[in-house]
Amino acid sequence: MGIKFSCHSSKSKKKSQKQLSEKSSVLNTLSDTILPVNDASDITDFNFVLKNFVEIPGFIFHMPKVQKLNFSHNRLARLPPALGKLEQIVVLNLCGNHIAHLPKEIGLLQNLKVLFVNMNFLSEVPEELGLCKKLEVLSLSHNCISGLPWTYSNLSRLKKLNLSNNWIINIPMCIFQMRNLEFLHLGSNKIENIADTITMLGCLKIFILDNNNIHVLPKSVCSLTSLELLNLDYNSIQTLPDDLFMLRRLPRIAWYPVDKGLHIVNNPLSKPLSEIVQGEIDMLYNYLKDLKQLK
């Protein structure tokens, strides 16, 4: 590939040789994921999926042009503060590692747009991530998170947020400030209710709340008229709000997880709702309209 490295240390020749050996070994894993270049510092895209790494190679932090870094499905246990040096990074994938903490220096990644830290061992996330104001996609699913810092309310460009399979009881208040959210996945948590401030998420198209402890679907959800998929399966919902017919972009009563529509069947719905939802969504809407007119 004709790649050359400049020495960043004035220490012993032996240490320099060890660093060069490390760089050479790692570069041999890149294969076709990197275009041939004359200088390694010009590389912007690194892909280290399933390479069994326990730490990010140090030379990465001396490459200021890195924009995409994929370390998914390795054995990373920690991220060094030097992560903050990657000021040009746009996409960072750390899915499927052993990470228990994110360094506060992650807040220095001002160009970060996509961050995957799902399938790790996080119990909390740093406030400083709220400084990454260009963030559009954030996945923190399959961790042990019970809440989010209020500073995340600054993530005004966020469009997709995945917090599924965590330990959340109450929807974090900062989420209601993310006015551009289109996708919100809170499935498989311990959520008991939906706050009326959900009305602030007017751009929401996909809202997933399956496998929680929700007993009541509030009327406020009916104001989310952009919804195309609302998944409430496997909760404890017995009744539905009369204004549910306002969600006209839900095309059907859905049965399969990926289908757009209203996922409600797998709940202990009272009669006659339990029977009506076996049919078409128009049948349900007409029933709810009639019910409202009788009140």
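What counts and what doesn't
- Residues numbered from 1 in each chain as written.
- Predicted model: local features only at pLDDT ≥ 70, side-chain atom pairs only at ≥ 80, totals over all residues.
- Heavy atoms only, no water.
- pLDDT = per-residue confidence, 0-100.
- Contact = heavy atoms within 4.5 Å.
- Pairing = 2+ DSSP bridges.
- Helix = DSSP H or I, 4+ residues; strand = E, 2+ residues; numbered from the N terminus.
- Axes fitted to C-alpha atoms, helices over the stretch in contact; angles between N-to-C directions.
- Salt bridge = Lys/Arg side-chain N within 4 Å of Asp/Glu carboxyl O.
- Core = buried A, V, L, I, M, F, W, Y, C linked by side-chain atoms within 4.5 Å.
- Buried < 20%, exposed > 50% of the residue type's maximum accessible area, 1.4 Å probe, protein only.

Novice: Quick one: what's the story with the confidence of the model for the protein, residue by residue and with numbers?
Specialist: Of the residues in the protein, 86% have a pLDDT of 70 or more, and the chain-wide mean is 88. Note on residues 1–38: pLDDT is under 50 here. Beyond four places in sequence and across chains, it has 42 contacts.

Novice: Quick rundown of the sheet that holds strand β1 (residues 45–47)? Include the residues and the values.
Specialist: On the basis of which strands lie adjacent, the open sheet formed by 10 strands has the order β1-β2-β3-β4-β5-β6-β7-β8-β9-β10 and parallel pairing. Each of the sheet's edge strands pairs with one partner strand only, and the pair in question is β1 and β10 (261–263). The mean angle between the axes of side-by-side strands here comes to 5°, regardless of whether they run parallel or antiparallel. Bridge count between strand β4 (residues 114–116) and strand β5 (residues 137–139): 3 bridges; the pairing is parallel. Bridging across to β5, V114 finds its partner in V137.

Novice: Pulling in residues and values, what's your account of the pattern of salt bridges?
Specialist: Throughout the structure, instances matching the rule amount to 4 salt bridges. D243 serves as the salt-bridge partner of K292, at 2.6 Å between the closest nitrogen and oxygen. With K292 in helix α3 (residues 281–294) and D243 in the loop between β9 (229–231) and β10, this residue pair connects regions lying 49 residues apart in the sequence. Connected via shared salt-bridge partners are K219, D243 and K292.

Novice: So what about the environment of N170? Which residues, and what values?
Specialist: Within the secondary structure, N170 sits in the loop between β6 (160–162) and β7 (183–185). Spatially, the C-alpha atoms of N170 and N189 are 9.4 Å apart, while their sequence positions differ by 19 residues.

Novice: Could you give an account of the nonpolar core, naming the residues involved and the relevant values?
Specialist: In terms of nonpolar packing, the biggest core is built from 82 residues, with L69, I175, F207, L244 and L284 touching the most fellow members. Mapped onto this core, the elements with two or more residues apiece are α2 (273–276) and α3. Examining the composition of this core, we find that 4 residues originate from one element, α3, more than from any other. Excluding residues within four positions of it along the chain, L69 makes contact with F46, F48, I60, L86, I89, V91, L92 and N93.

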